[in-house]
Amino acid sequence: MPKNVIITGSSSGIGAGIAKYLGAHSNNIVVNYAGNEAEAEAVVELIKSSGGNAISVKGDVTKPADISNLFDAAENAFGPVDALVNNAGRAVRKPLAELTDDDFATVFDTNVKGAFNAMREGARRIVDGGRIINISMSYQGAPIPGYGIYTASKAAVEQMTMTAAKELGSRHIRVNALRPGPTRTPLFLHGKTPDLIKQFEGMVALGRLGEPEDIARMVAFLISDEGGWITGQCIGVNGGYW
């Protein structure tokens with residue numbers, strides 16, 4: 001049976017990969033974007049061309065009113081929301097000594113406040129038996145210089161994930177986080193030399209960067225009936241990165 005799924009930050013990168021994959025498997029997708037309408041509409045058209053159904057909705061995850069509007073649009077288009085994928089994120093790659101207050105605010109506002117806003121709305125409006133999936137990352141177990149505040153922001157999201165799983169368990173809402181490894185997205189590739197990318201590939205047991213579809217397949221599993229006994233987990237989807 002098709003599920004109605006909101007995916008934040010899904011006009012490009014991992015979010016777009018998840019949207020396209022779930023849409024191609026008969027789910028109804030809300031493609032959320034903050035600024036690039038053309039990219040979001042391109043994802044919608046790809047989903048429709050594969051036989052799926054999708055709409056795009058502009059919204060800033062740091063603004064509670066925008067998150068409420070996102071759920072309103074989903075319900076108006078498809079009906080009650082079955083699943084929320086919190087993917088919207090920002091990264092700043094600098095040594096701690098060089099980070100500014102604005103850098104900290106940018107990362108934590110999007111990654112932590114944004115995830116909180118969406119999870120709070122999801123806790124109120126997702127159907128009983130629904131799913132919340134937060135996109136984290138795998139650097140906690142293998143810290144990378146320059147990613148201190150990014151890693152810290154995702155650690156905060158993981159703590160909210162485990163708490164929400166306990167709080168929403170009585171409604172059979174499963175809440176999990178995924179930890180992608182280095183994944184071939186514009187966000188990851190930005191500012192990296194070919195040599196640095198090869199270094200990251202060398203940290204992965206399977207010897208390659210992840211692709212957005214690698215993450216999408218796990219999301220599809222978690223929102224399916226087969227993933228029904230999994231909640232409160234932070235799952236590495238990283239090709240053996242550590």
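My aim in this report is to walk through the structure given alongside it, one point at a time.

What counts, and where the lines are drawn
Residues numbered from 1 in each chain as written. Predicted model: local features only at pLDDT ≥ 70, side-chain atom pairs only at ≥ 80, totals over all residues. Heavy atoms only, no water. Helix = DSSP H or I, 4+ residues; strand = E, 2+ residues; numbered from the N terminus. Buried < 20%, exposed > 50% of the residue type's maximum accessible area, 1.4 Å probe, protein only. Lys, Arg positive; Asp, Glu negative; His and termini not counted. Salt bridge = Lys/Arg side-chain N within 4 Å of Asp/Glu carboxyl O. Polar contact = N/O pair within 3.5 Å; in protein donor to acceptor, adjacent residues only side chain to side chain. Contact = heavy atoms within 4.5 Å. Pairing = 2+ DSSP bridges. Axes fitted to C-alpha atoms, helices over the stretch in contact; angles between N-to-C directions. Core = buried A, V, L, I, M, F, W, Y, C linked by side-chain atoms within 4.5 Å. Right-handed = clockwise from strand over helix to strand, strands pointing away.

**Description of the side chain of Arg 131**
- Along the chain, Arg 131 turns up in strand β5 (residues 131-135).
- Although buried, Arg 131 forms no salt bridge, and the nearest oppositely charged side chain, Asp 225, lies 4.9 Å from it.
- A polar contact of 2.7 Å, which involves the side chain of Arg 131, links it to the backbone oxygen of Leu 222.
- If we ignore the near neighbours within four places in the chain, the residues touching Arg 131 are Asp 82, Ala 83, Leu 84, Ile 126, Ile 173, Arg 174, Leu 222, Ile 223, Ser 224, Asp 225, Gly 227 and Gly 228.

**Details of the sheet that holds strand β7 (residues 234-237)**
- Strand order in the open sheet made by the seven strands is β3-β2-β1-β4-β5-β6-β7, with parallel pairing throughout. Each edge of the open sheet is held by one strand with a lone partner, namely β3 (53-58) and β7. On average, each strand axis in the sheet is inclined to that of its neighbour by 20°, with strand direction left out of account.
- When strand β2 (residues 28-33) meets β3, the two strands line up parallel, connected through six bridges.

**Some points on the environment of Thr 106**
- Mapped onto the fold, Thr 106 is located in helix α4 (residues 101-125).
- According to the relative accessible area criterion, Thr 106 is partly exposed, its value standing at 25%.
- A sequence separation of 16 residues divides Thr 106 from Arg 90, and the C-alpha atoms of the two residues are 7.1 Å apart.

**Points about the pattern of salt bridges**
- Scanning the entire structure with this criterion turns up ten salt bridges.
- Ionic pairing is found between Asp 103 and Lys 94, a salt bridge with its closest N-O pair at 2.8 Å.
- The exposure class of Asp 103 is buried, given its relative accessible area of 12%.
- Linking Arg 217 and Asp 214 is a salt bridge whose minimum nitrogen-to-oxygen distance equals 3.3 Å. Here Arg 217 and its partner Asp 214 are both found in helix α8 (residues 212-223), three residues apart, which amounts to about one turn of the helix.
- A single salt-bridge network, built from bridges that share partners, covers Asp 72, Glu 75, Glu 121 and Arg 125.

**Here we look at the nonpolar core**
- Counting residues in each nonpolar core, the largest one holds 28 residues, and the members touching the most others are Ile 18, Leu 22, Ile 29 and Leu 178.
- Counting residues per element, this core draws most heavily on helix α1 (residues 13-24), at six residues.
- Excluding anything up to four places from it in sequence, Leu 22 contacts Val 5, Ile 7, Asn 27, Ile 29, Val 219, Ala 220 and Ile 223.
- The next biggest cluster of nonpolar side chains, apart from the first, holds 21 residues, and it includes Phe 71, Ala 74, Met 119 and Ile 126.

**Remarks on the pairing of strand β6 (residues 174-180)**
- Burial of β6 is extensive: five of the seven residues sit out of reach of the surface.
- Bridge analysis of β5 against β6 gives five bridges, and the strand direction is parallel. Paired with Ile 132 across the bridge in β6 is Val 175.
- Note that the unit made of β5, helix α5 (residues 148-168) and β6 has a crossover that is right-handed.
- When β6 meets β7, the two strands line up parallel, connected through four bridges. Following the sheet pairing, Leu 178 is matched in β7 by Ile 235.

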